[in-house]
Amino acid sequence: AHEMQMGLMPVADPVVKGYDISGLCVPANEVGGDFFDYVWLDRKQTKFGIALADVSGKAMKAAMTAVMTSGMIYRELGSSGTPKTILRRINKPLYAKLDQRMFTAMSLAVIDLRTKELVLSNAGQVHPLMLRGGQIQRLKVEGARLPLGVKEEVKYEELKLKLKKNDTIVFLTDGIVEAMNEERELFGLERLEQEVLTAGGFTAKALKEHLISAVQKFAGKAEQHDDMTVVVVRVL
């Protein structure tokens, strides 16, 4: 199950002109269902997609659902679909195939390299953070945020954002903000925001590693109960 889960993820950072992008998944002791991936949504490679998913449950059942969800994402390649339509098209078969206790939280962002526009849709995932001009913004998508597979018909919405030079965006799963220390205190979004603020000049790879290190230092000897996934995007 662990090999299946890790096999879904990129083995190297992507090369995207004008952007510095780096991601990492740190699995928990038990196999969970986190995964992230990068996909080109058009044949001319002008629309770059970033998907983060967190499948409920553990072990083989979560790994199998992650594999199925990943396959559904790849089915959409070349479809010219927007993030919200892709989530809607993935949601329906997941609802039909998963039992009622399983679901997949997923965020899907697409960057148009020609216009520098980011389009984000979110199905129950943690709000991404954006660092711009020394200020942190939480990228909240209005409307339905139910995870995939919970309800047959869900009308997901989108957030559209014009990217600027030096913008830094942090995509993450809840294993980071819900990490606990030995006193069962949560790491939380506020601590995460402070760590992002203090690392404004970092490369994407350095910031990714800094955030994971900060969570692990906070947790101390407490056991890691959930996967931690982060993808950092810097606009060059």
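Structure first, text after, so check above.
Conventions adopted
Residues numbered from 1 in each chain as written. Predicted model: local features only at pLDDT ≥ 70, side-chain atom pairs only at ≥ 80, totals over all residues. Heavy atoms only, no water. Buried < 20%, exposed > 50% of the residue type's maximum accessible area, 1.4 Å probe, protein only. Helix = DSSP H or I, 4+ residues; strand = E, 2+ residues; numbered from the N terminus. Pairing = 2+ DSSP bridges. Axes fitted to C-alpha atoms, helices over the stretch in contact; angles between N-to-C directions. Parallel < 35°, antiparallel > 145°, perpendicular 65-115°, else oblique. Left-handed = near helix turned anticlockwise from the far one by under 90°. Contact = heavy atoms within 4.5 Å. Nonpolar A, V, L, I, M, F, W, Y, C, P; charged D, E, K, R; others polar. 1 Å grid on protein atoms, 1.4 Å probe; cavity = no way out; pocket = protein on both sides within 12 Å on 5 of 7 lines; lining within 4 Å. Points joined across faces, edges and corners; volume = space filled by probe spheres on them.

A. Expanded view of the pairing of strand β9 (residues 168-172). Within β9, 5 of the 5 residues are buried, leaving the element largely enclosed by the surrounding structure. Residues T168, V170 and L172 point to one face of β9 and I169 and F171 to the other, with burial holding for every one of them. As paired strands, β9 and strand β10 (residues 228-235) are joined by 5 bridges and run antiparallel to one another. Within β10, the position partnered with T168 by the bridge is R234.

B. Looking closely at the packing of helix α2 (residues 59-75) against helix α3 (residues 83-97). It is at 10 Å that the axes of α2 and α3 come closest, and there the two elements cross at 150 degrees. Between α2 and α3, the interaxial angle falls into the category roughly antiparallel. Crossing of α2 against α3: the hand is right-handed. Side by side, α2 and α3 meet where M68, T69, M72, I73 and R75 of the first sit next to R89, I90, P93, L94 and K97 of the second. Taken together, the residues that form the contact of α2 with α3 break down as 6 nonpolar, 1 polar and 3 charged.

C. Quick look at the layout of surface pockets. Put simply, the largest pocket is a space of about 300 Å³. Forming the walls of the largest pocket are 16 residues, and the residues nearest its centre are A179, M180, E223, Q224 and H225. Per element, the largest residue contribution to the lining of the largest pocket is 3 residues, and it comes from helix α6 (residues 204-219). Here the residues of the lining of the largest pocket are counted per class, giving 6 nonpolar, 6 polar and 4 charged. Approximately 250 Å³ is the volume attributed to the second largest pocket. As for the second largest pocket, its lining consists of 13 residues, of which K47, G81, T82, V110 and V119 are closest to the centre. Every element with two or more residues in the lining of the second largest pocket is listed here: β4 (104-112) and β5 (117-123). Here the lining of the second largest pocket is composed, by residue class, of 4 nonpolar, 3 polar and 6 charged.

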